[in-house]
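Topology and contacts: notes
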Amino acid sequence: MAKVNQAPLKTKPPKLNKNFSIPALLSQIRKDFNKIPDHRISTPKFSLPDVLMSGLAIFGLKYRSLLDFDQKRNKERVRANLRDLYGVIQAPCDTQLRTVLDEVSPADLCTPFISIHHRLLSQDLLKNYEYLGAILVSADGTGQFSSFKVNCPKCCQKNHHNGEIEYYHQLLVASIVHPDKSQVLPLFPEPITYQDGATKNDCESNASKRLLPKIRDAFPDQKIIILQDSLAGNGPHLNLLKNLGFSYIIGVQPGDHQSLFEEVKTRLCAGKVEEFEERGEDGILRSYRFVNEVPLNKTHPDILVNFLDYREVRKDGKEYHFSWITDIHLVKTNVCLVMRGGRTRWKIENENINTLKNQDYHLEHNYGHGKKHLATIFAMLMLLAFLVDQVQELCCDLFKAARQECRSRISLWETVRGLFAGFFVGCWENLWLVIIYGSKGGVLQPDTS
Ligand SMILES: [Zn+2]
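In this report, the structure presented in the accompanying data block is examined. What you see is a predicted model, and the numbers here were worked out from it, not measured in a lab.

1. Some details on helix α11 (residues 374-395)
Here α11 is 22 residues long and its end C-alpha atoms lie 31 Å apart, about the 32 Å a rise of 1.5 Å per residue gives. Most of α11 sits inside the fold, with 21 of its 22 residues counted as buried.

In structure tokens form, the structure reads like this:
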């Protein structure tokens, strides 16, 4: 078995974070997986936690296909690494993995997400994410799967003019974000899939109604500002946010909120809208207009919202224009903060979702569709692997050093997969040390079989 080399290094190696290194996080996840009920009737060959951890390993190591993982699974070194790094006693083949995961309820997979966030909260590590006296939670819908052939009873359907039916799944992902931080921490997702007994397709708005109470249940005392897009700027949704004790910053557009924009225009003409502009050291000209307590629309004149309109002109002449509604009382000294908070949602939509789709996580890749929950369970395991990586990037110096050594995330995971498949790694600490220092940092035992 691999052991850390005793030869002294020139510089002291960074430490694994006790609570937020990958072994600590995987151990917490395994504890939560142990509590998930296993509904199989006959005595199973593979335990449910082993199957779930194998699924997590596939996304943690960023394998492009289940087959790729399956072909390596029976090599002695890979079996040993799965046991030593992921705690998998016996890994299932790809067919067994799909069959077992298809039966797992997505609701049960929320627990490890919540446990990790409770751990971050208990160690005060989310203090750095505080913004406007709360935590910003961005809720974004994203496509996860679509096909004209492959489908399951949980698929939503779109009927095209040419008679073809498109099948799809989407996911509403709620994540903790901060304007100045590149790490995004997914809370947990809500599947946008066919709901039992429904006569229509599920949609982002309905998924929001299910997701928000779950967030409040999981974090009962946490001050939270929800960031959403124009779809959420309607009366019933704002009432739901208020009843759950959430603040909000919601993007709005004239096309979706005609009477609101007209009312702001009327108040502007009457000189009742505050406005100012300033040129920053970056040369950007920023213009703000804001007014408090405007009726949301004619259907809900009793719901009063605070309205912020923002324009910026950059040095190259490019112009950007955004508007939001919020329950935060707007004054000259906080509109810049509200603007930056509101824009974080847009930034996340571009950066976070792109990372999940186009970099190393392959969110839209079809790992298998199943008949019940498989597609959703795969997406949730992928998101859980993403959370583990983001927490390590934030908290674990040893991981950060390994990541820096490999320069890009893609190169880091290529290196990890190569070592995982080629050597007996022994433990995560050894793996990171070898990546940082080469053979001086740790020892990897090659497979001589
Ligand atoms: Zn489906």
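There's plenty left to go through after this.
2. Focus: the coordination of the zinc ion
Note on the zinc ion: its protein donors are Cys 152 (SG), Cys 155 (SG), His 169 (NE2) and His 369 (NE2). The metal-donor distances range over 2.1 to 2.3 Å. Coordination at the zinc ion comes from four donor atoms whose angles at the metal span 100 to 131°, giving a geometry best classed as tetrahedral. Donor residues binding the zinc ion come from one chain and are separated in sequence as C-x2-C-x13-H-x199-H. Note that His 169 is positioned in strand β4 (residues 165-177) and His 369 in the loop between α10 (335-358) and α11, a separation of 200 residues in sequence. The exposure class of His 169 is buried, given its relative accessible area of 1%.

3. Focus on the pattern of salt bridges
For the structure shown, the criterion picks out 23 salt bridges. Measuring nitrogen to oxygen at the nearest pair gives 3.6 Å for the salt bridge that ties Lys 154 to Asp 196. Of this pair, Lys 154 sits in the loop between β2 (134-147) and β3 (156-159) while Asp 196 sits in the loop between β5 (185-192) and α7 (204-218), and the two are 42 residues apart along the sequence. Assessed through its relative accessible area of 68%, Asp 196 is described here as exposed.

4. Quick word on the packing of helix α2 (residues 48-60) against helix α5 (residues 94-102)
Two numbers describe how α2 lies on α5: the axes approach to 10 Å, and their chain directions differ by 110°. In this view, α2 runs roughly perpendicular relative to α5, as classed from their interaxial angle. You can see that α2 and α5 cross each other, and the crossing is left-handed. Counted together, Leu 48, Val 51, Leu 52, Ser 54, Gly 55 and Ile 58 of α2 and Leu 97, Val 100 and Leu 101 of α5 form the full contact between these two elements. Class assignment for the residues of the contact of α2 with α5 results in seven nonpolar, two polar and no charged.

5. Examining the packing of helix α12 (residues 397-406) against helix α14 (residues 428-437)
Their axes nearest at 8 Å, the elements α12 and α14 cross at an angle of 35°. By crossing handedness, the relation of α12 to α14 is classed as left-handed. Residues Leu 398, Phe 399, Ala 401, Ala 402, Glu 405 and Cys 406 of α12 lie in contact with α14, whose contacting residues are Glu 429, Trp 432, Leu 433, Ile 435 and Ile 436.

6. Here we look at the side chain of Thr 326
Within the fold, Thr 326 resides in strand β11 (residues 319-326). Reaching out from Thr 326, the side chain makes a polar contact with the backbone nitrogen of Ile 328 at a distance of 2.9 Å. Leave out the neighbours within four places in its chain, and Thr 326 touches Tyr 248, Ile 249, Val 305, Asn 306 and Val 338.

7. Section: the nonpolar core
Counting 111 residues, the largest nonpolar core has Tyr 86, Leu 101, Phe 188, Ile 215, Ile 325 and Trp 432 as the members making the most contacts within it. For this core, the element with the highest residue contribution is α11, accounting for 14 residues. Counting 20 residues, the second largest nonpolar core, distinct from the first, contains Tyr 131, Phe 322, Val 335 and Val 338.

8. What about unusual backbone geometry?
Even without glycine at this site, Lys 62 takes up a positive phi of about 60°. With respect to the helices and strands, the residue Lys 62 is situated in the loop between α2 and α3 (66-73). One non-glycine residue with positive phi stands out, namely Leu 132, at about 55°. Looking at the secondary structure, you find Leu 132 in the loop between β1 (130-131) and β2.

9. Regarding the packing of aromatic side chains
Any aromatic ring pair is given by two values, namely how distant the centres are and how the planes are angled relative to each other. As enumerated under the stated definition, the model contains twelve aromatic pairs in all. With a centroid separation of 5.2 Å and an interplanar angle of 45°, the aromatic rings of Tyr 288 and Tyr 310 are classed as tilted. In this pair, Tyr 288 is assigned in strand β9 (residues 285-295) and Tyr 310 in strand β10 (residues 304-313), connecting sequence segments 22 residues apart. In terms of burial, Tyr 288 and Tyr 310 fall into one category: buried. The interplanar angle of 80° and the centroid separation of 5.2 Å between the aromatic rings of Phe 399 and Trp 432 together place this pair among those described as edge-to-face. With Phe 399 in helix α12 and Trp 432 in helix α14, this residue pair connects regions lying 33 residues apart in the sequence. Accessibility classification places Phe 399 together with Trp 432 in one group, the buried group. Each residue in the set Tyr 86, Phe 399, Trp 413, Phe 420, Trp 428 and Trp 432 is aromatic and connected to the rest through ring pairs, giving one cluster. Above the face of the Trp 413 ring, Lys 62 is positioned so that its terminal group lies 3.6 Å from the ring centre.

About the criteria used
Residues numbered from 1 in each chain as written. Predicted model: local features only at pLDDT ≥ 70, side-chain atom pairs only at ≥ 80, totals over all residues. Heavy atoms only, no water. Helix = DSSP H or I, 4+ residues; strand = E, 2+ residues; numbered from the N terminus. Expected span 1.5 Å × (residues − 1). Buried < 20%, exposed > 50% of the residue type's maximum accessible area, 1.4 Å probe, protein only. Donors = N, O, S within 2.8 Å, 3.2 Å for Na, K, Ca; no water. Tetrahedral: all angles 85-135°; square planar, octahedral: opposite > 155°, others 65-115°. Salt bridge = Lys/Arg side-chain N within 4 Å of Asp/Glu carboxyl O. Axes fitted to C-alpha atoms, helices over the stretch in contact; angles between N-to-C directions. Parallel < 35°, antiparallel > 145°, perpendicular 65-115°, else oblique. Left-handed = near helix turned anticlockwise from the far one by under 90°. Contact = heavy atoms within 4.5 Å. Nonpolar A, V, L, I, M, F, W, Y, C, P; charged D, E, K, R; others polar. Polar contact = N/O pair within 3.5 Å; in protein donor to acceptor, adjacent residues only side chain to side chain. Core = buried A, V, L, I, M, F, W, Y, C linked by side-chain atoms within 4.5 Å. Phe/Tyr/Trp six-rings, centres within 6.5 Å; stacked < 30°, edge-to-face > 60°. Lys NZ or Arg CZ within 6 Å of the ring centre and 35° of its normal.

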